[in-house]
Every structure is written in C-alpha cells, then in structure tokens.
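What follows is the residue order along each chain.
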Amino acid sequence: MRSFSLKGRLVIATSLLLALMLSILPLPDLIAPFRPDWLLVTLIYWTIALPHRANVGTAFFSGLVLDMLLGSVLGIHALALVIPVYLAASQFQRMRNYSVWQQAFVVGALAIINKLLIFWAAYMNRDIQLDYHYFWSIVSSMVFWPWIFLLLRKCRRQFALS
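Residues numbered from 1 in each chain as written. Predicted model: local features only at pLDDT ≥ 70, side-chain atom pairs only at ≥ 80, totals over all residues. Heavy atoms only, no water.

## Concerning the nonpolar core
Leu-39, Leu-43, Ile-44, Tyr-45, Trp-46 and Trp-145 are the most contacted members of the largest nonpolar core, which has 34 residues in total. Looking at this core, the elements that each hand over two or more residues are helix 1 (2-24), helix 2 (38-49), helix 3 (56-70), helix 4 (76-90), helix 5 (92-97), helix 6 (100-125) and helix 7 (136-158). The element that contributes the greatest number of residues to this core is helix 2, accounting for ten residues. Leave out the neighbours within four places in its chain, and Ile-44 touches Ala-88, Met-95, Val-107, Leu-110 and Trp-145. In terms of nonpolar packing, the next biggest core, distinct from the first, is built from five residues, Ile-76, Ala-80, Leu-117 and Ile-118 among them. (Core = buried A, V, L, I, M, F, W, Y, C linked by side-chain atoms within 4.5 Å. Buried < 20%, exposed > 50% of the residue type's maximum accessible area, 1.4 Å probe, protein only. Helix = DSSP H or I, 4+ residues; strand = E, 2+ residues; numbered from the N terminus. Contact = heavy atoms within 4.5 Å.)

Here it is as structure tokens:
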C-alpha cells in the first residue's frame, strides 16, 4: 500500500512539474497571450479526479513555486490558484458527472476567476492596465481541456491511481 501511495504522488508531482515547465516556456510574442493556464488546468483535473490526493494545499504550494519561477510577488499565483481549486474541490462530484465539453466551460469560469485574481493582486502592487489580450489564455485553456483531461485520465488509469 505504501508503494501505491508513493506511485500516486510521483505521477501527480510529475504532471504538475510538466505543467510548471509549460507555464514558463518562452513563446513568441505573437502566441504568448494564447498560452493556456497549464498549472490551473492540471490542478483542476487532479482535484476532481482524486480530491484526497490533490487539493487546496497542493494548489498553494504549486502557486508558490510558480511565483518563484516567474519572479512575481510571492503569493499572487498561490492565492489565484487556491480559490478556483477550492471551488472545483467543493463541487468535484458534480463536475465528474458533466461531459468533457461542459467541464471545459466550468474550467473557463475557473480560469476567469484565476485571471481576475492575478490582475487584482498585480493592480494592487503597481498601476497596470487591463488589456483584452490578457483573457485569451482562458479560451485556450477551455480548448485544451478535453485533451488534457483525456491524457491525465489515461495516466491515472495506466498507473491505477485511485
């Protein structure tokens, strides 16, 4: 039983590490606004699939790591990830019953919350303006959700995580 728990933690940690790497991957200026919120989407999947393994604490720690990697004020991304993950965790049984396309719209709503929290925290620290390019990542997160969902579900089933 102990190795199963370690295997589950390793699979989740690896997927979160990959999401963090994709979040900091340099992209050309033309497509950078369309970068999906990889970490948020990955955390939402693990929260609705295995809420006893990935939860608000995982989101907080992942957000702190993302803050360090991006060089942003410590805690901005942690706060912005905790609230959507909490909302997903509180409704995980309902979200499991939705189709993947319905889940994509819920992920979009959670991504809007995430983006608005990041903007609010950045606005409090320095005077910035809201640009419409800022929200394109929400659309791409919704578009990529079905494929991320299927890929992570395949990993979860292959490693028999429950």
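Don't stop here, the text continues.
## Quick look at helix 3
The end-to-end C-alpha distance of helix 3, which contains 15 residues, comes to 21 Å, matching closely the 21 Å that a straight helix rising 1.5 Å per residue would cover. For helix 3, every residue scored as buried is listed here: Thr-58, Ala-59, Ser-62, Gly-63, Leu-66 and Asp-67. Where helix 3 starts, the residue carrying a side-chain oxygen 3.1 Å from the main-chain nitrogen of Gly-57 turns out to be Asn-55. Backbone geometry just after helix 3 places Gly-71 at a positive phi near 75 degrees. (Expected span 1.5 Å × (residues − 1). Polar contact = N/O pair within 3.5 Å; in protein donor to acceptor, adjacent residues only side chain to side chain.)

## Focus: the environment of Leu-74
Here Leu-74 is to be found in the loop between helix 3 and helix 4. For Leu-74, a relative accessible area of 58% corresponds to the exposed category. Here the alpha-carbon distance between Leu-74 and Gly-63, two residues eleven residues apart in the chain, equals 8.8 Å.

## Remarks on a nonpolar patch on the surface
A contiguous nonpolar patch, built from Leu-30, Ile-31, Phe-34, Trp-101, Tyr-132, Trp-136, Val-139, Val-143, Phe-144 and Trp-147 and spanning about 1,100 Å² of accessible area, is present on the exposed surface. Residue contributions to the nonpolar patch peak at five residues, all from helix 7. Relative to the helices and strands, Tyr-132 resides in the loop between helix 6 and helix 7. (Patch = residues over 30% accessible without salt bridge, like charges linked within 9 Å, V, L, I, M, F, W, Y side chains within 5 Å. Areas by Shrake-Rupley, 256 points an atom, 1.4 Å probe, with all protein chains shown as cover. Salt bridge = Lys/Arg side-chain N within 4 Å of Asp/Glu carboxyl O.)

## Some thoughts on unusual backbone geometry
Here the phi dihedral of Ala-160 falls at roughly 55 degrees; this positive angle occurs in a residue that is not glycine. Residue classification places Ala-160 among the partly exposed positions, given a relative accessible area of 45%.

## Here's the deal with the packing of helix 2 against helix 7
At a minimum axis separation of 10 Å, helix 2 and helix 7 run at an interaxial angle of 50 degrees. As far as their axial angle goes, helix 7 and helix 2 are oblique. In the packing of helix 2 onto helix 7, the handedness of the crossing is right-handed. Each of Trp-38, Val-41, Thr-42, Ile-44, Tyr-45, Trp-46, Ile-48 and Ala-49 in helix 2 lies in contact with helix 7, whose residues at this interface are Ser-141, Phe-144, Trp-145, Ile-148, Phe-149, Leu-152, Arg-153 and Arg-156. Taken together, the residues of the contact of helix 2 with helix 7 break down into twelve nonpolar, two polar and two charged. (Axes fitted to C-alpha atoms, helices over the stretch in contact; angles between N-to-C directions. Parallel < 35°, antiparallel > 145°, perpendicular 65-115°, else oblique. Left-handed = near helix turned anticlockwise from the far one by under 90°. Nonpolar A, V, L, I, M, F, W, Y, C, P; charged D, E, K, R; others polar.)

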